[in-house]
Amino acid sequence: MAGIEEMIDDILRREGGYVDHPADRGGPTNFGITQNTLSRYIGRAALKSEVRNLSEDVARDIYESNYFEGPRIHRLPEEIQPFIFDCAVNHGPRRAIKFVQSVINQAGKEPPLDEDGAMGPNTAKAAAWAQNIMGDYFLKALLEERRNFYRTIVAARPSQEVFLRGWMNRVDEFEQEVA
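Is there a simple way to think about the environment of Asn 169 in this case?
Within the fold, Asn 169 resides in helix H9 (residues 164-178). Asn 169 sits in the partly exposed class, given a relative accessible area of 45%. Taking the C-alpha atoms as reference points, Asn 169 and Tyr 63, separated by 106 residues in sequence, lie 21 Å from one another.

I'm lost on helix H2 (residues 35-42) in this one. Help?
An α-helical turn contains 3.6 residues, so any two residues separated by three or four positions project in the same direction. Along H2, the residues that are buried comprise Thr 37, Leu 38 and Ser 39. Of the surrounding secondary structure, the elements contacted by the buried residues of H2 are strand E2 (33-34), helix H3 (48-52) and helix H4 (56-69). Within two residues after H2, Gly 43 carries a phi angle of roughly 80°, on the positive side.

Explain unusual backbone geometry to me, please; I cannot follow it from the model alone.
Working note: non-glycine residues mostly have negative phi, and peptide bonds are mostly trans. Along the chain, Glu 110 connects to Pro 111 via a cis peptide bond; the corresponding omega equals -10°. With respect to the helices and strands, Pro 111 occurs in the loop between helix H6 (93-106) and helix H7 (121-134). One non-glycine residue, Arg 72, adopts positive backbone phi at about 65°. Relative to the assigned elements, Arg 72 resides in the loop between H4 and helix H5 (81-91). Overall, Arg 72 belongs to the partly exposed group, its relative accessible area being 38%.

What exactly am I supposed to notice about the pattern of salt bridges here?
Pairing between side chains becomes possible if they bear opposite charge and their charged atoms approach one another. Tallying each qualifying case throughout the model produces 16 salt bridges. One salt-bridge network, in which partners are shared between bridges, spans Asp 10, Arg 13, Arg 14, Glu 15, Asp 86, Arg 146, Arg 170 and Glu 173.

The rules behind these values
In this numbering scheme, every chain counts its residues from 1 along its sequence in written order. Local features in a predicted model are, by the rule used here, given only for residues with pLDDT of at least 70; side-chain atom pairs are given and counted only at 80 or more, and totals for whole chains, interfaces and linings are based on all residues. Only hydrogens and water are set aside when side-chain values are computed; all heavy atoms of the structure are taken into account. Numbering goes from the N terminus for both helices and strands, where a helix is a DSSP run of H or I of at least four residues and a strand is a run of E of at least two. Think of it in three bands: residues with accessible area under 20% of the maximum for their type are buried, residues over 50% are exposed, and the middle band is partly exposed, with areas taken using a 1.4 Å probe on protein chains only. Every residue pair with non-hydrogen atoms within 4.5 Å of one another is taken to be in contact. The salt bridge definition used is simple: a Lys or Arg side-chain nitrogen within 4 Å of an Asp or Glu carboxyl oxygen.

Laid out in structure tokens, this is it:
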């Protein structure tokens, strides 16, 4: 199973370097770290130039602390951690955990989980249950949940269609692991 450093390597590869696309609602990013995320990390408003000059070491620290350890993704089954970590980076940790909770509820877990985006003991236990009964289908269902979420984004904001192909390619990369 991939360790945190390998997972971060994959995130950095997917995210690439500095980008300031006019249609990107996240604004300027570097290594996938937005100006707002960097601002929270340094405790003040980050300048665009600070985003551009962001070091890989700082990006790694932000990813590990804010998108993996902080939201407790490490408490999920190892088989889905890389994917949910990637979801946390791309959509925010709460949305990533909501994907997990939604798929578990769709699988029929009783009592159903609150789809609140919090990684509490019930979600961790239910994720272990889902991995045990669903195996690779758990990840496949999560992939489809994310694809549907991307489609919903584009339906609500057609300007985001420019990113859809790249987003779907990102999901497809994980699908290749369970094909």
